[in-house]
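Chain residues, written in single-letter form:
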Amino acid sequence: MASSRVDLDGNPIKPITICMIGAGGFIGSHLCEKLMTETPHTVLALDVYNDKIKHLLEPETNPWHGRINFHRLNIKHDSRLEGLIKMADLTINLAAICTPADYNTRPLDTIYSNFIDALPVVKYCSENNKRLIHFSTCEVYGKTIGSFLPKDSPLRKDPAYYVLKEDESPCIFGSIEKQRWSYACAKQLIERLIYAEGAENGLEFTIVRPFNWIGPRMDFIPGIDGPSEGVPRVLACFSNNLLRKEPLKLVDGGQSQRTFVYIKDAIEAVLLMIENPARANGHIFNVGNPNNEVTVRQLGEMMVKVYSKVSGDPPLENATVDVSSKEFYGEGYDDSDKRIPDMTIINRQLGWNPKTSLWDLLESTLTYQHRTYAEAIKKVIAKPVAS
Ligand SMILES: NC(=O)c1ccc[n+]([C@@H]2O[C@H](COP(=O)([O-])OP(=O)(O)OC[C@H]3O[C@@H](n4cnc5c(N)ncnc54)[C@H](O)[C@@H]3O)[C@@H](O)[C@H]2O)c1
Ligand SMILES: O=c1ccn([C@@H]2O[C@H](COP(=O)(O)OP(=O)(O)O[C@H]3OC[C@](O)(CO)[C@H]3O)[C@@H](O)[C@H]2O)c(=O)[nH]1
């Protein structure tokens, strides 16, 4: 399998050791799976949790046994971090607080997690001449230029006013009271620091800006494998509503637009970055699917139909309900209006294109959600509430 693999320039790919921080999360779990099943690379998997990669760590009969080693640690305060980075050829940093419900309610934790805690990782990579792939976000673009035009302006239809380009688009955030932007701002500053380390000290880096990657194992279902009062990202919120046969909550009418990419397509892009350093170093990459654009309302309506197909239950009547952002997220929430990634750079450097349509990715993801959670939800609902 592994020995005959070549990079995009036809050179044989040598096995490397990867220090993956945040390996136990949604993206980390899929990346570990890909690396174990399709490559010869070794992973030092760092996280505070490992539930989502348990299937890769056990049993010892896994064919990749010994190539993935879990280190339970919090990068905020653990002296093992530098040693682990030194042991690896490449560090991938995924660790972050990255659920919007936290940005305005826990802005300090958000800023510390996305900026302060990432600093030692950048420093150790730079000082030890180690390559870094850092996960940023499409949120660094903030709002589109077009959103400031009058609603009926014909310019709103011109892609120059909304397509997001790594090397051209400005980063447009709301005022400081809109604490939603604490995350985007912290991510932007760490991007600038990494870029400066590259320019002044020769750090070999790649920055990834994911555009709403979704799929199995994303976040948690409140009250099942996460806190009852927790608010995950939209895929898990809507999945939770569907599993409980409750209306899907559309924040401020569900008018914001997003492009969704299937996690398995996106992981292909990350693998290309890992194995083609000469093409990926020094670049910032949008990774998304510009063909999968919907409003959040359309996403909800599509999920209702897909869930009915995969569960066999009739679609909910009155399937959605409007809620204000203040009610749903609290004071200080704000939103990105529209997010379409420009794909020129990733296409040119890595020849990557997403493949999976929104319908197909929702079908496989909601099949997983139904299989994983439907029984547990039934039991919770059936339990009498203590009086
Ligand atoms: N999923 C997306 O569509 C998306 C979009 C934009 C950006 N991103 C970025 O990609 C990265 C991964 O996102 P994800 O969706 O997998 O999120 P996730 O929350 O599932 O994964 C993050 C992981 O980091 C771990 N972590 C956080 N702080 C840590 C610490 N101090 N020490 C050790 N581990 C820590 C968490 O336990 C978690 O397992 C994040 O940096 C996020 O900002 C993701
Ligand atoms: O029940 C719900 C939950 C959310 N919404 C609205 O959906 C839009 C998308 O929300 P979400 O997936 O939670 O997150 P964002 O796309 O806004 O931000 C993420 O993008 C990338 C990342 O950096 C990491 O994943 C993160 O910041 C939004 O408009 C919500 O208001 C809803 O209507 N109902």
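Structure first, text after, so check above.
Residues numbered from 1 in each chain as written. Chains lettered and ligands numbered in written order. Predicted model: local features only at pLDDT ≥ 70, side-chain atom pairs only at ≥ 80, totals over all residues. Heavy atoms only, no water.

Peer 1: How should the site of ligand 1 be read in this particular structure?
Peer 2: Near ligand 1 you find 24 residues, and of these Phe 26, Asp 47, Asn 74, Tyr 183 and Trp 213 are the closest. One nitrogen or oxygen atom from the main chain of Gly 25 is found 3.1 Å from an oxygen atom belonging to ligand 1. Separating an oxygen atom of ligand 1 from a backbone N or O atom of Leu 94 is a distance of 3.1 Å. Against a free-state accessible area of 820 Å², the protein chains account for coverage of 90% of ligand 1. Elements that contribute at least two residues to the shell around ligand 1 include exactly α1 (26–38) and α7 (182–201). Residues that form the shell around ligand 1 fall into these classes: 14 nonpolar, seven polar and three charged. (Near = heavy atom within 4 Å. Polar contact = N/O pair within 3.5 Å; in protein donor to acceptor, adjacent residues only side chain to side chain. Areas by Shrake-Rupley, 256 points an atom, 1.4 Å probe, with all protein chains shown as cover. Helix = DSSP H or I, 4+ residues; strand = E, 2+ residues; numbered from the N terminus. Nonpolar A, V, L, I, M, F, W, Y, C, P; charged D, E, K, R; others polar.)

Peer 1: Is there a simple way to explain the site of ligand 2 in this structure?
Peer 2: What surrounds ligand 2 is a group of 23 residues, the closest being Tyr 103, Glu 139, Tyr 183, Arg 233 and Asp 335. Between ligand 2 and Thr 137, the relevant distance is 2.8 Å, taken from an oxygen atom to a side-chain nitrogen or oxygen of the residue. Contact distances for ligand 2 include 2.4 Å between an oxygen atom and a side-chain N or O atom of Glu 139. Contact with the protein chains covers 95% of the free accessible surface of ligand 2, which is 670 Å². At the level of elements, α4 (100–105), α8 (234–243), β9 (248–251) and α12 (325–329) are the ones that each hand at least two residues to the shell around ligand 2. Per-class residue counts for the shell around ligand 2 are 13 nonpolar, three polar and seven charged.

Peer 1: Can you walk me through the pattern of salt bridges in this structure?
Peer 2: Between side chains of opposite charge, a pair can form when the charged atoms approach closely. Taken as a whole and assessed by the stated rule, the structure comprises 23 salt bridges. Notably, a salt bridge pairs Asp 117 with Lys 76, separated by 2.6 Å at the nearest N-O pair. With Asp 117 in the loop between α5 (107–114) and α6 (119–127) and Lys 76 in the loop between β3 (68–72) and α3 (80–87), this pair connects stretches of sequence that are 41 residues apart. With a closest N to O distance of 2.7 Å, Arg 233 and Asp 219 form a salt bridge. (Salt bridge = Lys/Arg side-chain N within 4 Å of Asp/Glu carboxyl O.)

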